[in-house]
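For reference, the chains in residue letters:
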Amino acid sequence: MSSILGTLEFLALGLWLGSDVFLSFVVAPGAFRVLRSRDAAGAMVGFALGRMHLLGVICGIVVLLARVARTRDVCQLCGAVALCVVLMIALTVASQVGVSPRMAVLRVQMGSIEATAQDSPLLAEFGRLHRISVSLESGVLLAGLAAMLFMVRECGSH
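Treat the numbers as computed from the prediction; the structure is a model and nothing was measured.

Brief notes about the environment of Arg107
And then number 1: Structurally, Arg107 can be placed in helix H3 (residues 80–110).
And then number 2: Among all residues touching Arg107, those that are not within four sequence positions of it are Gly42, Ser112, Ile113 and Phe126.

Considerations on a nonpolar patch on the surface
And then number 1: Nonpolar side chains collect at one region of the surface, where Val21, Phe22, Phe25 and Val26 lie side by side and expose about 390 Å² of accessible area between them.
And then number 2: Relative to the helices and strands, Phe22 resides in helix H1 (residues 2–34).

What to know about the packing of H1 against helix H2 (residues 38–71)
And then number 1: Closest axis-to-axis distance for the H1/H2 pair is 9 Å, and the angle between their directions is 170 degrees. Taken together, H1 and H2 sit at an angle that is classed as roughly antiparallel.
And then number 2: For the contact of H1 with H2, the per-class residue count stands at 24 nonpolar, six polar and five charged.

Some words on helix H4 (residues 121–156)
And then number 1: The terminal C-alpha atoms of H4 lie 53 Å apart, and with 36 residues this matches the ideal 52 Å at 1.5 Å per residue to within 8%.
And then number 2: Two to three positions downstream of the cap, the backbone nitrogen of Leu122 sits 3.1 Å from a side-chain oxygen, assigning the N-cap of H4 to Ser120.

What about the nonpolar core?
Across soluble globular proteins, you tend to see nonpolar side chains buried next to one another.
And then number 1: Counting 27 residues, the largest nonpolar core has Leu13, Trp16, Val85 and Met88 as the members making the most contacts within it.
And then number 2: Ranked by the residues each element gives to this core, the list is headed by H3, at eleven residues.
And then number 3: Contact partners of Val85, with chain neighbours within four places excluded, come to Gly60, Val63, Leu64 and Ala147.
And then number 4: By size, the runner-up hydrophobic cluster in this structure holds five residues, among which are Val27, Ala48, Leu49 and Met52.

Observations regarding H2
And then number 1: For H2, with 34 residues, the first-to-last C-alpha span of 48 Å sits near the 50 Å given by 1.5 Å per residue.
And then number 2: Positive phi shows up at Arg72, right after H2, with a value of about 55 degrees.

Comments concerning the state of the cysteines
And then number 1: Counted according to the given criterion, the structure contains zero disulfides.
And then number 2: Left unpaired, Cys59 is separated from the closest cysteine sulfur, that of Cys84, by 16 Å.
And then number 3: Accessibility expressed as a relative area gives 6% for Cys59, which makes it buried.
And then number 4: Considering cysteine sulfurs only, Cys84 is the nearest to Cys155, which forms no disulfide, with 15 Å between them.

Scoring rules and cut-offs
- Residues numbered from 1 in each chain as written.
- Predicted model: local features only at pLDDT ≥ 70, side-chain atom pairs only at ≥ 80, totals over all residues.
- Heavy atoms only, no water.
- Helix = DSSP H or I, 4+ residues; strand = E, 2+ residues; numbered from the N terminus.
- Contact = heavy atoms within 4.5 Å.
- Patch = residues over 30% accessible without salt bridge, like charges linked within 9 Å, V, L, I, M, F, W, Y side chains within 5 Å.
- Areas by Shrake-Rupley, 256 points an atom, 1.4 Å probe, with all protein chains shown as cover.
- Salt bridge = Lys/Arg side-chain N within 4 Å of Asp/Glu carboxyl O.
- Axes fitted to C-alpha atoms, helices over the stretch in contact; angles between N-to-C directions.
- Parallel < 35°, antiparallel > 145°, perpendicular 65-115°, else oblique.
- Nonpolar A, V, L, I, M, F, W, Y, C, P; charged D, E, K, R; others polar.
- Expected span 1.5 Å × (residues − 1).
- Polar contact = N/O pair within 3.5 Å; in protein donor to acceptor, adjacent residues only side chain to side chain.
- Core = buried A, V, L, I, M, F, W, Y, C linked by side-chain atoms within 4.5 Å.
- Buried < 20%, exposed > 50% of the residue type's maximum accessible area, 1.4 Å probe, protein only.
- Disulfide = S-S within 2.5 Å.

Here it is as structure tokens:
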């Protein structure tokens, strides 16, 4: 049972990291290259990001629950892997609940990001929030890579 739970931990974390990498380096650039308008590409990426955030939180919870079930030790939630996963969840929730809705409101207010004047305060605020969103996603990716490294080290020490 322990090996199944350990595999579940790796699978959930790998799925989350893989989805983050895929969205960041394949879906987003592809949408902006293939779709006819930046507005359509942004809407598509925003939709995918929301789904990825939900998947990520679920995967994070699975990692934490599998870790506790596998070790039978709630103190594992204070270990490096769990702390990285909790950070990932927190950054994801901050992006989904704090940043994405504000960006959506600005999109509606502007009507079209493409048609909005470059000196618009709405566009400037949208750009600021986009930079925050990218920073949060980068933090999720880095924390996830750290968690994976810690998990691999644990396996090597057993």
